[in-house]
Amino acid sequence: MTEQKHYGFTTTVLHSDRQKPVEHGSLHKPIHTAVAFGYKDARELADVFQGKKPGYRYGRQGNPTVSALEDKITRMEDGTATLCFATGMAAIGAIVQGLLRTSDHVVSSSFLFGNTNSLWQTVGQQGMEVSFVDATDVANVERALQPNTRLVFVETIANPRTQVSDLERIGALCRERGILYVVDNTMTSPYLFRPKSVGASLVVNALTKSIGGHGNALGGSLTDTGLFDWTRYPNIADNYRRFPPAVWGMAQLRAKGLRDFGAALGPEAAHHLSVGSETMALRIERESASALALARMLSEDPRVARVHYPGLPSHPQHEIAASLFRAFGGLFSFELADGIDCFDYLNRLQIAVPASNLGDTRTLVIPVAHTIFYEMGRERRASMGIAESLIRVSVGIEDTADLLEDFRQALG
Ligand SMILES: *Cc1c(COP(=O)(O)O)cnc(C)c1O
């Protein structure tokens, strides 16, 4: 398989490892558990440390099995380079540690994964300034920009209310102002959407979710799309400016974010995630089809007050989602009509499992306000549009008819 050809998504993922020599012709990149790497002499070791020769130094900074996964994600996102981390949160934390200073300002969507929201609150207490805006309209982002704004952070589809960011116009704004544009692509995955197409600078993926897909390994990644001009970024230390500008960001993120904070992805987890990614497109096709069927069925039932899913024409950002995404994904949320207790409903489900992961092969459900968004309190929940009865559904790959029947029978 030659690199130049434009193969489809799954073909590219399946044959990614073979773009470089794989030990013994193994069709899976082997799991390399070594922490240290020896060279033929001390001078070669020094050359590897100084970046004059390719090679691995120490397991915290890089590992062959993890590198193979990084290459795979780079291809999925059509980027220039990827760094993997122990979790999705570690990847986002690396942006804070690696790229931000106390005098900086960040503009973030207010519709966020709960722990990312908590992280930005912490960052705000540590001296940086964070503005939360409704990112479904670029005007709110533009109004929040300051001379010291270093980055804009958004999610593609927000979890659990499924708001879709004004992705294209925020991209154009960031490009015009020379601001780093960070897009968390977890809810769409690189199969449904490539943030590079709207001008993203860095792409976050929680590999734990759709890319791994089986709920059996944690992981996160950052991909440089190659679109950002790092010479416009003031926080790059001289040490990394000796490289070509295109790699400044990733060089500093690898050293300051990954190496110094130490949240390295383990080789066993990298292997699980890599194997999982081979079937991602097939899984997401099924999940998206089932989610649409479930969202339609529930939205037509009088016992359901509201359904949030970008695939429904009633969704406020349906048009944007339809124009940017290949399908609408496997996540939706809904509110039951008054008088139906969300715990009673969840307890009547026979197939869907109450659990907090998403992007799993199994359908998972969770009462949002009482679990993942409990810590932030009622007021902040209300500001994020989270109803106290909201149920989030991460649709798995079970047979669609079984899921429809399960969600229907639980209503009555
Ligand atoms: C889960 C998730 C994360 C964090 O990933 P972990 O691997 O659980 O740390 C970040 N962003 C989004 C949108 C997520 O859904």
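Since the model is a prediction, treat every value here as computed from it, not as a measurement.

**Quick word on the overall build of the chain**
In terms of helices and strands, the chain carries 16 helices and 12 strands. Here the chain has a C-alpha radius of gyration of 22 Å; the compact-globule value for 412 residues is 22 Å, and the two agree. Counting all 412 residues of the chain, 55% fall into the buried class. For the chain, restricting intrachain contacts to residue pairs at least 6 apart in sequence, the fraction spanning at least 24 positions comes to 70%. Across the chain, 41 positive and 44 negative side-chain charges occur, with their mean positions spaced 7 Å apart.

**Observations concerning helix α3 (residues 64-77)**
For α3, with 14 residues, the first-to-last C-alpha span of 20 Å sits near the 20 Å given by 1.5 Å per residue. Across the 14 residues of α3, 12 count as buried, placing the element largely inside the fold. You can read the cap of α3 off the contacts: a side-chain oxygen lies 2.7 Å from the backbone nitrogen of Thr 65, and it is on Asn 63. Taken from the residues just after α3, Asp 78 is the one with a positive phi, measuring 55 degrees.

**Section: the sheet that holds strand β2 (residues 105-109)**
The strands that make up a sheet are held in pairs by hydrogen bonds between backbone atoms, and each pair lies either parallel or antiparallel. On the basis of which strands lie adjacent, the open sheet formed by seven strands has the order β1-β7-β6-β5-β4-β2-β3 and mixed pairing. In the strand order of this sheet, the two ends are held by β1 (81-85) and β3 (129-133), each with one partner. Geometrically, the sheet is characterised by an average inter-axis angle of 20 degrees between neighbouring strands, direction not taken into account. Examined bridge by bridge, strand β6 (residues 202-206) and strand β7 (residues 220-224) share five bridges and lie antiparallel to one another. The partner of Asn 205 across the bridge, within β7, is Ser 221. Taken strand by strand, helix α4 (residues 88-99) contacts β1, β4 (149-155), β5 (180-184), β6 and β7, and its axis lies near 50 degrees from that of β7. Where helix α7 (residues 167-177) meets the sheet, its contacts fall on β4 and β5, and the angle it forms with β5 comes to roughly 155 degrees.

**Looking at the nonpolar core**
Counting residues in each nonpolar core, the largest one holds 56 residues, and the members touching the most others are Phe 334, Tyr 345 and Phe 407. Per-element tally for this core: the top contributor is helix α12 (residues 280-299), with six residues. The two domains that each donate at least three residues to this core are domain 1 (9-277) and domain 2 (281-409). Look past the residues within four positions of Tyr 345 in its chain and what remains in contact with it is Leu 298, Phe 334, Leu 336, Ile 391, Phe 407, Ala 410 and Leu 411. Grouped together as the second largest cluster of nonpolar side chains are 34 residues, Leu 83, Leu 100, Val 123 and Tyr 233 included.

**Some words on the sheet that holds strand β12 (residues 391-394)**
Read across the sheet, five strands follow the order β8-β9-β12-β11-β10 without closing on themselves; strand pairing throughout is mixed. Each edge of the sheet is formed by a strand with only one pairing partner; in this case those strands are β8 (304-308) and β10 (353-354). As paired elements, strand β11 (residues 364-367) and β12 share four bridges and run antiparallel to each other. Among the inter-strand pairings, Ile 366 is bridged to a residue of β12, identified as Arg 392.

**Examining the pattern of salt bridges**
For the structure shown, the criterion picks out 19 salt bridges. Of the charged contacts, one joins Arg 259 and Asp 260 as a salt bridge, the two residues approaching to 2.7 Å between their closest N and O atoms. Owing to a relative accessible area of 29%, Arg 259 belongs among the partly exposed residues under this scheme. The salt bridge involving Glu 388 is made with Arg 378; its shortest N-O contact spans 4.0 Å. A residue pair is termed long-range when its members are at least 10 positions apart, and Glu 388 in the loop between α15 (377-383) and β12 and Arg 378 in helix α15 qualify at 10 residues. Here Glu 388 falls in the partly exposed class, since its relative accessible area comes to 25%.

**Observations regarding the domain arrangement of the chain**
For the chain, the assigned domains are domain 1 (9-277) and domain 2 (281-409). Using C-alpha coordinates to define each centre, domain 1 is positioned 28 Å away from domain 2. In this complex, domain 1 contributes 39 residues to the contact, which on the side of domain 2 involves 37 residues. Interface of domain 1 and domain 2: buried area, both sides summed, is about 3100 Å²; carbon and sulfur atoms make up 60% of it. The tally of links between domain 1 and domain 2 comes to zero salt bridges. For the pair domain 1 and domain 2, the number of links is 14 residue pairs in polar contact (both at pLDDT 80 or more). Secondary-structure elements contributing two or more residues to the side of domain 1 that touches domain 2 are α1 (9-14), α5 (114-125), α7, α8 (189-192) and α11 (267-277).

**Here we look at the packing of aromatic side chains**
Applying the stated criterion to the full structure yields 11 aromatic pairs. Between Trp 230 and Tyr 233 the ring centres are 5.7 Å apart and the planes differ by 70 degrees, which places this aromatic pair in the edge-to-face class. Among the aromatic side chains, those forming a connected cluster through ring pairs are Tyr 309, Phe 328, Phe 332, Phe 334 and Tyr 345. Of note, Arg 57 hangs over the ring of Phe 49, and the distance from its end group to the ring centre comes to 5.8 Å. The lysine or arginine in question, Arg 380, covers the ring of Phe 132, its NZ or CZ lying 4.7 Å from the ring centre.

Scoring rules and cut-offs
Residues numbered from 1 in each chain as written. Predicted model: local features only at pLDDT ≥ 70, side-chain atom pairs only at ≥ 80, totals over all residues. Heavy atoms only, no water. Helix = DSSP H or I, 4+ residues; strand = E, 2+ residues; numbered from the N terminus. Rg over C-alpha atoms; globule rule 2.2 N^0.38 Å. Buried < 20%, exposed > 50% of the residue type's maximum accessible area, 1.4 Å probe, protein only. Contact = heavy atoms within 4.5 Å. Lys, Arg positive; Asp, Glu negative; His and termini not counted. Charge placed at Lys NZ, Arg CZ, Asp CG, Glu CD. Expected span 1.5 Å × (residues − 1). Polar contact = N/O pair within 3.5 Å; in protein donor to acceptor, adjacent residues only side chain to side chain. Pairing = 2+ DSSP bridges. Axes fitted to C-alpha atoms, helices over the stretch in contact; angles between N-to-C directions. Core = buried A, V, L, I, M, F, W, Y, C linked by side-chain atoms within 4.5 Å. Domains from an automatic or database assignment. Salt bridge = Lys/Arg side-chain N within 4 Å of Asp/Glu carboxyl O. Buried area = accessible area lost by both parts, 1.4 Å probe. Phe/Tyr/Trp six-rings, centres within 6.5 Å; stacked < 30°, edge-to-face > 60°. Lys NZ or Arg CZ within 6 Å of the ring centre and 35° of its normal.

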